[in-house]
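Residue-level structure breakdown
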Amino acid sequence: MDRFEEPELASRIRACRLCADDFAATATGHEPRPVPWFRPSARILVAGQAPGMRVHEAGRPFADPSGTRLRAWLGMTDAEFYDLARVAVVPMAFCFPGYDKSGSDLPPPPRCAETWRGQVMKALSELRLTILVGGYAQRWHLGPHAARSGVAGTVARWREHAPAIFPLPHPSWRNTGWLKRHPWFEDELLPVLRARVREELDA
């Protein structure tokens, strides 16, 4: 397959409208816009939560300030991060779930992962490194027992899963306070993660 050709599975996800009624009932009243971003050749998986409004508008994962911070954590350029041949970005829900009445992000609808995630993971047979961003992805990939202490506890035990899997907090700027209280994240975890990322990108 040509590296720029969208696989049939990604095309089916892009056409998915399972949650249309649910999204229409949110405060944002938006239509589904799935953002599948993967190819079977990918060696690195970034598993996140769900697209935000900016990603919904751009049609490209992590096209927001959180993505800028995440790429800095990974030591990746924009070109490397968006290289479909090497990096897959597969959230727990492919669409922006919308906002509730208070303006907060709604959680990823479980229906999305139940319908698509197993098929996507089966297609990604070349993965060597998995990066789990946030609690939803950590619970799915590591299981409820591994993630029972919450995101902070799971990230603190990152050595139990390295070098194949790295759990991360969400790169939202709302987590800046957490990062300041836990300097080991930038001092100890990130250098190891960046080295692993570089190893796979240069393979």
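Figured I'd write up the structure that's included with this text. (Residues numbered from 1 in each chain as written. Predicted model: local features only at pLDDT ≥ 70, side-chain atom pairs only at ≥ 80, totals over all residues. Heavy atoms only, no water.)

What follows covers the side chain of Arg117. Position of Arg117 relative to the elements: it lies in helix 6 (residues 110-123). For the buried Arg117, which has no salt bridge, the nearest side chain bearing the opposite charge is Glu114, at an N-O separation of 12 Å. From its side chain, Arg117 meets the backbone oxygen of Val90 in a polar contact 3.3 Å long. Apart from residues lying up to four places away in sequence, Arg117 is in contact with Ala47, Val90, Pro91, Met92, Cys112, Trp140 and His141. (Helix = DSSP H or I, 4+ residues; strand = E, 2+ residues; numbered from the N terminus. Buried < 20%, exposed > 50% of the residue type's maximum accessible area, 1.4 Å probe, protein only. Lys, Arg positive; Asp, Glu negative; His and termini not counted. Salt bridge = Lys/Arg side-chain N within 4 Å of Asp/Glu carboxyl O. Polar contact = N/O pair within 3.5 Å; in protein donor to acceptor, adjacent residues only side chain to side chain. Contact = heavy atoms within 4.5 Å.)

Bringing helix 6 into the picture now. Helix length check: helix 6 (14 residues) gives 20 Å between terminal C-alpha atoms against 20 Å at 1.5 Å per residue, within 8%. Along helix 6, the sharpest change in direction is near 45 degrees and occurs at Trp116. Within helix 6 the residues assigned to the buried category are Cys112, Ala113, Trp116, Arg117 and Val120. (Expected span 1.5 Å × (residues − 1). Bend = angle between axes of the 7 residues up to and from the residue.)

We now examine unusual backbone geometry. Omega for the bond connecting Ala162 with Pro163 falls within 30 degrees of zero, at 10 degrees, which places this linkage in the cis form. Along the chain, the position of Pro163 falls in the loop between helix 8 (150-156) and strand 4 (165-168).

This part takes up the sheet that holds strand 4. Strand order across the open sheet formed by 4 strands is 2-1-3-4, with parallel pairing between neighbours. The open sheet terminates on both sides in strands that have one partner only, identified here as strand 2 (87-89) and strand 4. Sheet twist, expressed as the mean angle between neighbouring strand axes with direction ignored, is 15 degrees. Relative to strand 3 (residues 129-133), strand 1 (residues 44-47) runs parallel, the two sharing 4 bridges. Residue pairing across strands places Leu45 opposite Thr130, the latter belonging to strand 3. Packed on one face of the sheet, helix 7 (residues 135-142) meets strand 1, strand 3 and strand 4 and runs near 135 degrees to strand 3. Where helix 10 (residues 184-201) meets the sheet, its contacts fall on strand 1, strand 2, strand 3 and strand 4, and the angle it forms with strand 4 comes to roughly 135 degrees. (Pairing = 2+ DSSP bridges. Axes fitted to C-alpha atoms, helices over the stretch in contact; angles between N-to-C directions.)

With that out of the way, let us pick up the nonpolar core. Counting 29 residues, the largest nonpolar core has Val46, Ile131, Phe185 and Leu189 as the members making the most contacts within it. Contributing elements (two or more residues each) for this core: strand 1, helix 4 (65-74), strand 2, strand 3, strand 4, helix 9 (176-181) and helix 10. Top contributing element to this core by residue count: helix 10, with 7 residues. Leave out the neighbours within four places in its chain, and Ile131 touches Ile44, Leu45, Val46, Ala47, Leu74, Phe166, Leu168, Leu193 and Val197. In terms of nonpolar packing, the next biggest core, distinct from the first, is built from 23 residues, Cys16, Met92, Trp116 and Leu142 among them. (Core = buried A, V, L, I, M, F, W, Y, C linked by side-chain atoms within 4.5 Å.)

A separate point is helix 7. Buried within helix 7 are the following residues: Gly135, Ala137, Gln138 and Leu142. The buried residues of helix 7 occupy an angular sector of 160 degrees when the element is viewed end-on, so they sit on one face. Those residues of helix 7 that are buried are in contact with strand 1, strand 3, helix 8 and strand 4. Immediately beyond the C-terminal end of helix 7, within one or two residues, lies Gly143, with a positive phi of roughly 90 degrees. (Arc of directions from axis to C-beta.)

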